[in-house]
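Breakdown of the fold
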Amino acid sequence: MAADRGVYRMALAGIALASVVVVLGAYTRLVDAGLGCPDWPGCYGQLGVPTGADEIARAEAAFPDAPVEADKAWVEMIHRYAATALGALILVTLGLAVKNRQRWRLPAGLAVLVIAQGAFGAWTVTLKLWPQVVTAHLLGGFATLALLGVLALSERPAPLFRVDRSLKRLATLALAVVMVQVALGGWLTSNYAALACPEFPTCHGEWLPEMDFGTGFDVTQTVGPNYLGGLLSSDARVAIHFAHRVGAIAVLLVVGVLAWRLGNRALGWSLTAVLGVQLGLGIANVVFALPLAVAVLHNAGAAGLMLMLVAVRLSCDAGIVRR
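Note that the structure is predicted; figures quoted are calculated from it, not measured. (Residues numbered from 1 in each chain as written. Predicted model: local features only at pLDDT ≥ 70, side-chain atom pairs only at ≥ 80, totals over all residues. Heavy atoms only, no water.)

This part is about the overall build of the protein chain. Tallying secondary structure elements over the protein chain gives 10 helices and 0 strands in all. When the helices and strands of the protein chain are listed from N to C terminus, the series reads α-α-α-α-α-α-α-α-α-α. In terms of overall dimensions, the protein chain is globule-like: its C-alpha atoms have a radius of gyration of 21 Å, near the 20 Å expected for 323 residues. Accessible surface for the protein chain amounts to roughly 15,900 Å². Of this, 67% is attributable to carbon and sulfur atoms. Distance from the positive charge centre (23 side chains) to the negative charge centre (19 side chains) of the protein chain: 23 Å. (Helix = DSSP H or I, 4+ residues; strand = E, 2+ residues; numbered from the N terminus. Rg over C-alpha atoms; globule rule 2.2 N^0.38 Å. Areas by Shrake-Rupley, 256 points an atom, 1.4 Å probe, with all protein chains shown as cover. Lys, Arg positive; Asp, Glu negative; His and termini not counted. Charge placed at Lys NZ, Arg CZ, Asp CG, Glu CD.)

Structure representation (structure tokens):
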């Protein structure tokens, strides 16, 4: 049906745009541009970044605690423009599905999610990079990307590939483990703990360094005047970093077993390659002290791995029954 193709194409465009938004979000965090604009949805009360001397003077008079840094402000605004475009695309997709009397529940869920993402984007600024909000905003971005993948695969005329149905539980577990690892990564980056362990595979020369899990994972922590740079102690940050490393081992084991058990050799090797690159990027982040390009690619790799697992999991439903 033409309507099916229309929603399918919109979903594919949404996947591409959501991937850009996820990468831009990572870049924004990594260059400390999350507060490049001290207000929301505009920037110093404007739709764009103040540029002229008069505009900058008015902006700094209105926000005396936030001097204009044009480079960071533009990074933040480009991220907002892309996120707004994604929201508009999802709303159009919902309208198309409703108009053609198609399955509209998933597009409707995406519309609700993207509206919630807008709220978390605002709170990220107003609550001054509070880790709980930053992590939730990151997870919302990945969830949006995953649901767009589900929508595209469900509207695709034919299955992308077929996977043995006996792997359904393992594929579900692999996807869950990766999403937990994404959450740990979000908590790590929002608490500025990426370099809490400066070497690999040990941490400060020890296999089990001093750690403060209670403080590191205290989700009731209050909002400071500004969370830029983080407020946790060294031991708390080490605990977060260590948990992320343990999560990486879990991902390696579960996703590795899934890749090994896939009957589709090309798919299995592709999943193995993405997993290997992602782990290599994570190690490189530590060894080379968080190079910007490597850190951004690590976020992109997590998105790619998640999308592959979404495809594998859905393909189990259309897969081969083993007797």
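After that view of the structure, there is still more to cover.
Contact geometry for helix H9 (residues 265-287) and helix H10 (residues 292-317): axes closest at 9 Å, N-to-C directions at 155°. Taken as axis vectors, H9 and H10 run roughly antiparallel relative to one another. Crossing handedness for the pair H9 and H10: left-handed. On H10, the residues that touch Leu267, Ser270, Leu271, Val274, Leu275, Gln278, Leu281, Gly282, Ala284 and Asn285 of H9 are Val294, Ala295, Leu297, His298, Gly301, Ala302, Leu305, Met308, Leu309 and Val312. Classifying every residue of the contact of H9 with H10 by side-chain character gives 14 nonpolar, 6 polar and no charged. (Axes fitted to C-alpha atoms, helices over the stretch in contact; angles between N-to-C directions. Parallel < 35°, antiparallel > 145°, perpendicular 65-115°, else oblique. Left-handed = near helix turned anticlockwise from the far one by under 90°. Contact = heavy atoms within 4.5 Å. Nonpolar A, V, L, I, M, F, W, Y, C, P; charged D, E, K, R; others polar.)

As a further point, take the pattern of salt bridges. Summed over all chains, the structure comprises 3 salt bridges. Across the salt bridge formed by Glu69 and Lys72, the nearest N and O atoms sit 3.9 Å from each other. The salt bridge partner of Glu76 is Arg80, with a shortest N-O separation of 2.8 Å. In this pair, Glu76 and Arg80 both sit in helix H3 (residues 70-99), 4 residues apart, roughly one turn of the helix. (Salt bridge = Lys/Arg side-chain N within 4 Å of Asp/Glu carboxyl O.)

It is worth spelling out unusual backbone geometry at this point. Cis rather than trans, the peptide bond between Trp40 and Pro41 has omega equal to 5°. In this fold, Pro41 is placed in the loop between helix H1 (2-30) and helix H2 (53-62). For the bond from Phe200 to Pro201, the omega torsion is 10°, close enough to zero to count as cis. Tracing the sequence through the fold places Pro201 in the loop between helix H6 (168-190) and helix H7 (213-216). At Leu129, a position not held by glycine, the phi torsion is positive, near 65°. Take Leu129: it is sitting in the loop between helix H4 (105-126) and helix H5 (131-155). Using a relative accessible area of 8% as the deciding quantity, one classes Leu129 as buried. In the Ramachandran plot, Tyr192 falls in the positive-phi region, its phi being about 55° despite a non-glycine side chain. Relative to the helices and strands, Tyr192 is located in the loop between H6 and H7. (Buried < 20%, exposed > 50% of the residue type's maximum accessible area, 1.4 Å probe, protein only.)

Another point: the state of the cysteines. Following the criterion strictly, the structure yields 2 disulfides and no others. In this model Cys197 forms its disulfide with Cys203; the gap between the sulfur atoms is 2.0 Å. When the S-S torsion is -80°, as for the bridge of Cys197 with Cys203, the disulfide is left-handed. (Disulfide = S-S within 2.5 Å.)

Before going further, it helps to examine the side chain of His79. With respect to the helices and strands, the residue His79 is situated in helix H3. Apart from residues lying up to four places away in sequence, His79 is in contact with Val21, Leu24, Gly25, Thr28 and His137.

This part covers the side chain of Asn285. Its location among the elements puts Asn285 in helix H9. Using a relative accessible area of 8% as the deciding quantity, one classes Asn285 as buried. For Asn285, the side chain forms a polar contact with the main-chain nitrogen of Ala295, separated by 3.3 Å. Excluding its chain neighbours within four sequence positions, the residues that come into contact with Asn285 are Leu195, Leu290, Pro291, Val294, Ala295 and His298. (Polar contact = N/O pair within 3.5 Å; in protein donor to acceptor, adjacent residues only side chain to side chain.)

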